[in-house]
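Residues per chain are reported as follows:
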Amino acid sequence: YLVLIHLFLGNSCRFIAKPCAINLGIQDSGPHRAQPNAILEKVFTSITKSPDGRRLEGLSKQLDWDVRKIQRWFRHRRNQDKPTTLTKFCESMWRFTFYLSIFFYGIRFLWTAPWFWDTRQCWYNYPFQPLTSRLYYYYILELAFYWSLMFSQFTDIKRKDFLIMFVHHLATIGLITFSYMNNMVRVGTLVLCLHDASDFLLEAAKLANYAKYQRLCDAFFMLFGVVFIVTRLGIYPFWILNTTLFESWELIGPYPSWWLFNGLLVTLQLLHIIWSYLIVRTASKALVRGKVSKDDRSDVESSSEEEDVTSNSTKGIFSTSSNGSNRLNGHVAGGQWTGE
């Protein structure tokens, strides 16, 4: 299934997402490329990609360049290795397709499931509960998808929230695998469906942003923020954690793996709180100031001149940077986003 997920990614990017992006006017062009310079290139590839003040002074004397010009060269050199807007659009397109499809599949499946309406049904006759084919495929597809995210995180651009996302993927894969092995698939389907409820809205916001439909992007992000906070800070603790912490204890007792299972679920809740804070901070800045500050997690850096222009002209929740691309990865929002 992991192989199938990657095949789907490749084909969707090639035959669907790329033509859509081209029709929307998204060009396959990246950030400004650095001026060729053998000395600086050797420093960049062999020593450091972000030289300190002392090294900058030495390079300035060696090349007879201004320090700011060297800083700008390293900034452009770092940026030119980043993915283009077209690449990011294709990635968001296939994620949007998967999240939307798996969410509606889960809703359709769970609508007729008794434990969807009464969470105590998750624990009746446990662990002797049948594993239907629809439930099996739902679980395996979700597991394969999160394994693909785990692997791709090491090949993608490393961002400031790498550790948070790494912990998230580990906890998710651990929960899916652990609940499957212990036949806790009923409550597992509730967790999966709840998390998928907001993810496709975030990807929709990215797609609108890359296509420069700013108002549509803002609307999708606001909707994403509302759904995320309601599901992760409301429904998740009072519906999911309530049944795993209290109803399971009452109906089947403190089984040996109870502590590990709930420990992983509580870890996810802590991540939900962190992400919700960052989302609210982004939205509040947009509402109070009419614009947003630079994203702390930005992949693509901008020069001080570009930052001045951007800070004076950005409007809405997300705004296009000097290279025409914005970013919001995972669930972390910090304002102007320029990368994924």
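Residues numbered from 1 in each chain as written. Predicted model: local features only at pLDDT ≥ 70, side-chain atom pairs only at ≥ 80, totals over all residues. Heavy atoms only, no water.

In the annotation of an unreviewed UniProt entry, the entry for the chain reads CERS5 synthase, and the organism field reads Tychaedon coryphoeus. Looking at the chain in UniProt, the text filed under Catalytic activity (unreviewed entry) is "sphinganine + octadecanoyl-CoA = N-(octadecanoyl)-sphinganine + CoA + H(+)". (UniProt positions renumbered as here; feature names shortened; annotations may be inferred.)

Asks: Before we move on, can you summarise the environment of Q129 with the specific residues and values?
Replies: Tracing the sequence through the fold places Q129 in the loop between α6 (114–117) and α7 (133–155). With 54 residues separating them along the chain, Q129 and N183 place their C-alpha atoms 7.4 Å apart. If we ignore the near neighbours within four places in the chain, the residues touching Q129 are Q121, C122, W123, Y124, N183 and R186. (Helix = DSSP H or I, 4+ residues; strand = E, 2+ residues; numbered from the N terminus. Contact = heavy atoms within 4.5 Å.)

Asks: Provide a residue-level description of the side chain of R186, including the pertinent values.
Replies: Looking at the secondary structure, you find R186 in helix α9 (residues 185–210). Although R186 is buried, it forms no salt bridge, and the closest oppositely charged side chain is D118 at an N-O distance of 9.4 Å. The residues contacting R186, other than those within four sequence positions of it, are W115, Q121, C122, Y124, Q129 and P130. (Buried < 20%, exposed > 50% of the residue type's maximum accessible area, 1.4 Å probe, protein only. Lys, Arg positive; Asp, Glu negative; His and termini not counted. Salt bridge = Lys/Arg side-chain N within 4 Å of Asp/Glu carboxyl O.)

Asks: Please set out the pattern of salt bridges residue by residue, giving values where relevant.
Replies: For the structure on display, the rule yields three salt bridges. Put simply, E250 and R120 hold a salt bridge, and the shortest N to O gap is 3.3 Å. Taken together, the positions of E250 in helix α10 (residues 214–252) and R120 in the loop between α6 and α7 put the pair 130 residues apart, joining distant regions of the chain. Relative accessible area serves as the criterion here: at 53%, E250 is assigned to the exposed category. Under the relative-accessibility criterion, R120 is labelled partly exposed at 24%.

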